[in-house]
2 protein chains.
Amino acid sequence: MTTPAAVAERALLFEVAATPTPGNVDRERDLADLQFDQFLAGATGARAGLDQLALGSPLGEGLESAVAGMAGAAGTNTQFGSLLLLAPLVRAAASDRTLTPATTSDVVEETTVDDAASFYRCFDQVDVRVDDPPAEMELLDVRRGADAVPAVRERGLTLEDVMASAVDRDGIAAEWTHEFERTFTAAEWLAERGGPSPDRAASVHLQLLAEEPDTLVATKHDQATAESVRDRAATIDPDDRASVRTFAEELVERGINPGTTADVLAGGLFVAMIRQEVSA
Amino acid sequence: MTTPAAVAERALLFEVAATPTPGNVDRERDLADLQFDQFLAGATGARAGLDQLALGSPLGEGLESAVAGMAGAAGTNTQFGSLLLLAPLVRAAASDRTLTPATTSDVVEETTVDDAASFYRCFDQVDVRVDDPPAEMELLDVRRGADAVPAVRERGLTLEDVMASAVDRDGIAAEWTHEFERTFTAAEWLAERGGPSPDRAASVHLQLLAEEPDTLVATKHDQATAESVRDRAATIDPDDRASVRTFAEELVERGINPGTTADVLAGGLFVAMIRQEVSA
């Protein structure tokens, strides 16, 4: 039997194997500090935590275990954003195989303060690039990791609350808060497009990139850079592989790595595969 | 914590990602009827069975579950040979993290008639290319799958016995029977060679190919073809990537797919990673 955890792991692997995905690691390209094999290892390391999530462990615990397993196996942060997106999707799929935005949002609404504490502890496992939080959120800066947990408990924040507080500056938080809109849209695009699944995935990566500025790019560089990448992506025909490759070269040369877009693609692949619209 | 099952899955993924591996699917090449993504899916599908093996299920049951999961996820036979090699290695590693030829052979010696029955049932899950067995073994032809189980039980054959009966015509059976000699040698070669792990793996693939005729090639083509591939591989310097790629083109053109060599490489990667000699 295929479990949601196996499908989630496969989504992580299909995401990194989708080629070309401009600016991100793919089957044809390693980045200077991120190699393809690290993503493969990261996925196998995350699997035990994904299994826990599918079996009904508290969401924060399963996420923490997946992230720790990923970081241990990959030796770096390869797929934290993807796992944060996949965690509620796996949980929703495990209880309702007709996975929908509503069933996934139910999982978000049920998150607890303990889930938020687990989420903060994840940041002790990985280096994550995030923006400075607003002044009133300083004690809750995710980069404080476990040190922020007392403040989380004192304010009684659930993981849903924590994600809602970052909705304007983080694409994954936006998905959590807005019913996983882009994730489900990506799944529809994957289903609509014909052809072998790796080609569909590469094409949808470009569509996502053309749709909204990538928040990881906005954080590492600035909002204008993220918008320019979006505008440039919008000019490219996904079927024109040569243009896509030229664009990929440009992004790599400029050190631009649209990681949030890759995360949303991984989420979309998961939804599409659970709905059996995209096969292996 | 990294479990032997996670490491085994990673070995499957690192094997298919090792590039170039002449004649086999790798990061740069799909074959007409075997795609890279099918190997990724196959590995995630096998994981639950590998977990069972690590947790102490009967060897045959864990193997059967891994093979069924692989075939279901990949839609074809991507890694049956590798799983057959990995099953006793995972079991040995789960009980003795200083994995040796002797501890692995102990697992082989402990196999039962039930394990043999499970092994035969695996062949109902996958299409496997094997030679005709000798006349006295006709009832035990693996291609009969579950239909051969009564004969297995009547003769009281353990999985060790079944593998010993194929030692002369199957490279995996030879490993089971001869203390996993090539698998452990591959692990030593992986450890000795410097450089990033995907490069080591590609280099060791060529070394293995140059050492012995691949039994899958001998089965699909003939012994002379398998020997010619071995002799040709022996002339190539693994560090001369251009020559390796020319050789790869030749094999693909001739439809030669040295799958047993890939299986032994997967086993070697597992042993090397369990011994922490090759990192992600």
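Computed from a predicted structure; not experimentally measured.

> Let's hear about the environment of Ala-248 of chain B: which residues, and what values?
Residue and element names in this part refer to chain B. With respect to the helices and strands, Ala-248 occurs in helix α14 (residues 241-253). For Ala-248, a relative accessible area of 5% puts it in the buried group. Spatially, the C-alpha atoms of Ala-248 and Pro-22 are 3.9 Å apart, while their sequence positions differ by 226 residues.

> Go over the relation of the copies chain A and chain B, please, and point to the residues and values.
Expressed as a screw transformation, the operator carrying chain A onto chain B has a rotation angle of 180° and an axial translation of 0.0 Å, and the superposed copies differ by an RMSD of 0.0 Å. Look at the turn and shift together and you get a two-fold axis relating the two. In terms of proximity to the rotation axis, the leading residue of chain A is Arg-27 of chain A, whose C-alpha is 3.0 Å off the axis. Looking at the interface residues of chain A, 100% of them are also at the interface in chain B, so both copies use one shared face.

> Lay out the interface of chain A and chain B in plain terms, naming residues and giving numbers.
Facing 23 residues of chain A, the contacting portion of chain B comprises 23 residues. Both sides of the chain A and chain B interface together cover about 1,900 Å² of buried area, and 56% of this is carbon and sulfur. For chain A, the biggest contributors to the area lost against chain B are Arg-27, Asp-37 and Thr-44 of chain A; these three give 34% of the whole. Linking chain A with chain B are two salt bridges. With a closest N to O distance of 3.0 Å, Arg-27 of chain A and Asp-30 of chain B form a salt bridge. On inspection of chain A and its partner chain B, the count reaches nine residue pairs in polar contact (both at pLDDT 80 or more). Elements represented by at least two residues in the side of chain A that touches chain B include exactly α1 (4-17), α2 (36-55) and α11 (197-211) of chain A. The biggest single contributor to the side of chain A that touches chain B is α2 of chain A, with eight residues. Classifying every residue of the side of chain A that touches chain B by side-chain character gives eleven nonpolar, two polar and ten charged.

> I'd like a rundown of the pattern of salt bridges, residues and numbers included.
Scanning the model with the defined rule gives 30 salt bridges over all chains in all. For Arg-193 of chain A, the salt bridge goes to Asp-239 of chain A, with nearest N and O atoms at 2.4 Å. Within this pair, whereas Arg-193 of chain A is found in the loop between α10 (181-192) and α11, its partner Asp-239 of chain A is found in the loop between α13 (223-234) and α14 (241-253), the two being separated by 46 residues in sequence. Residue classification places Arg-193 of chain A among the partly exposed residues on the basis of a relative accessible area of 26%. The residue Asp-51 of chain B makes a salt bridge to Arg-47 of chain B at a minimum N-O spacing of 3.2 Å. Here Asp-51 of chain B and its partner Arg-47 of chain B are both found in helix α2 (residues 36-55), four residues apart, which amounts to about one turn of the helix. Taking the relative accessible area as the measure of exposure, Arg-47 of chain B reaches 2% and is therefore buried. Salt bridges sharing partners connect three or more residues here, namely Glu-9, Arg-47 and Asp-51 of chain A.

> Outline helix α1 (residues 4-17) of chain B, listing residues and values.
A rise of 1.5 Å per residue sets the reference length of α1 of chain B, with its 14 residues, at 20 Å; its end C-alpha atoms lie 20 Å apart and thus fit the reference within 8%. The element α1 of chain B is extensively covered by neighbouring structure, given that 14 of its 14 residues are classed as buried.

> With reference to specific residues and values, describe α2 of chain B.
Residue and element names in this part refer to chain B. An ideal rise of 1.5 Å per residue puts 28 Å on 20 residues; α2 measures up with 29 Å between its terminal C-alpha atoms. With 16 of 20 residues buried, α2 is to be regarded as a mostly interior element. Positioned one or two residues after α2, Gly-56 has a phi angle of 105°, which is positive.

> Tell me about unusual backbone geometry, residues and numbers included.
For the bond from Thr-19 of chain A to Pro-20 of chain A, the omega torsion is -5°, close enough to zero to count as cis. A positive phi angle, close to 50°, is found at Glu-179 of chain A, a residue other than glycine. By secondary structure assignment, the location of Glu-179 of chain A is in the loop between α9 (171-177) and α10. Classification of Glu-179 of chain A as partly exposed rests on a relative accessible area of 41%. Notably, Phe-180 of chain B is not glycine yet its phi reads approximately 55°, a positive angle. Mapping Phe-180 of chain B onto the fold places it in the loop between α9 (171-177) and α10 (181-192). Looking at Phe-180 of chain B, the relative accessible area reads 0%, which means it is buried.

> Describe the environment of Ala-146 of chain B, and please don't skip the residues or the numbers.
Residue and element names in this part refer to chain B. Tracing the chain through its elements places Ala-146 in the loop between α6 (113-122) and α7 (149-155). For the pair Ala-146 and Ala-32, spaced 114 residues apart in the sequence, the C-alpha separation amounts to 30 Å. With near-sequence residues (within four places) excluded, Ala-146 lies in contact with Tyr-120, Arg-121 and Asp-124.

> Could you give an account of the nonpolar core, with specific residues and numbers?
Among the nonpolar cores identified, the biggest contains 160 residues, and Phe-119 and Phe-270 of chain A together with Phe-119 and Phe-270 of chain B are the most heavily contacted of them. Beyond its immediate chain neighbours, meaning those up to four positions away, Phe-119 of chain B contacts Leu-63, Phe-80, Leu-84, Val-142, Leu-159, Val-162 and Met-163 of chain B.

> I'd like a description of the packing of aromatic side chains, backed by residues and values.
Evaluated as defined, the whole model comprises eleven aromatic pairs over all chains. Centroid distance Phe-119 of chain A to Tyr-120 of chain A: 5.7 Å. Interplanar angle 80°. Geometry classified as edge-to-face. Residue Tyr-120 of chain A is classed as buried on the basis of its relative accessible area, which comes to 1%. An angle of 85° between the planes, with centres 5.0 Å apart, marks the rings of Phe-119 of chain B and Phe-123 of chain B as edge-to-face. Each member of the pair, Phe-119 of chain B as well as Phe-123 of chain B, carries the same accessibility label: buried. Through pairs of rings, three or more aromatic residues link up here, namely Phe-80, Phe-119, Tyr-120 and Phe-123 of chain A.

So, how was this worked out
- Residues numbered from 1 in each chain as written.
- Chains lettered and ligands numbered in written order.
- Predicted model: local features only at pLDDT ≥ 70, side-chain atom pairs only at ≥ 80, totals over all residues.
- Heavy atoms only, no water.
- Helix = DSSP H or I, 4+ residues; strand = E, 2+ residues; numbered from the N terminus.
- Buried < 20%, exposed > 50% of the residue type's maximum accessible area, 1.4 Å probe, protein only.
- Least-squares fit on C-alpha atoms with pLDDT ≥ 70 in both.
- Contact = heavy atoms within 4.5 Å.
- Buried area = accessible area lost by both parts, 1.4 Å probe.
- Salt bridge = Lys/Arg side-chain N within 4 Å of Asp/Glu carboxyl O.
- Polar contact = N/O pair within 3.5 Å; in protein donor to acceptor, adjacent residues only side chain to side chain.
- Nonpolar A, V, L, I, M, F, W, Y, C, P; charged D, E, K, R; others polar.
- Expected span 1.5 Å × (residues − 1).
- Core = buried A, V, L, I, M, F, W, Y, C linked by side-chain atoms within 4.5 Å.
- Phe/Tyr/Trp six-rings, centres within 6.5 Å; stacked < 30°, edge-to-face > 60°.

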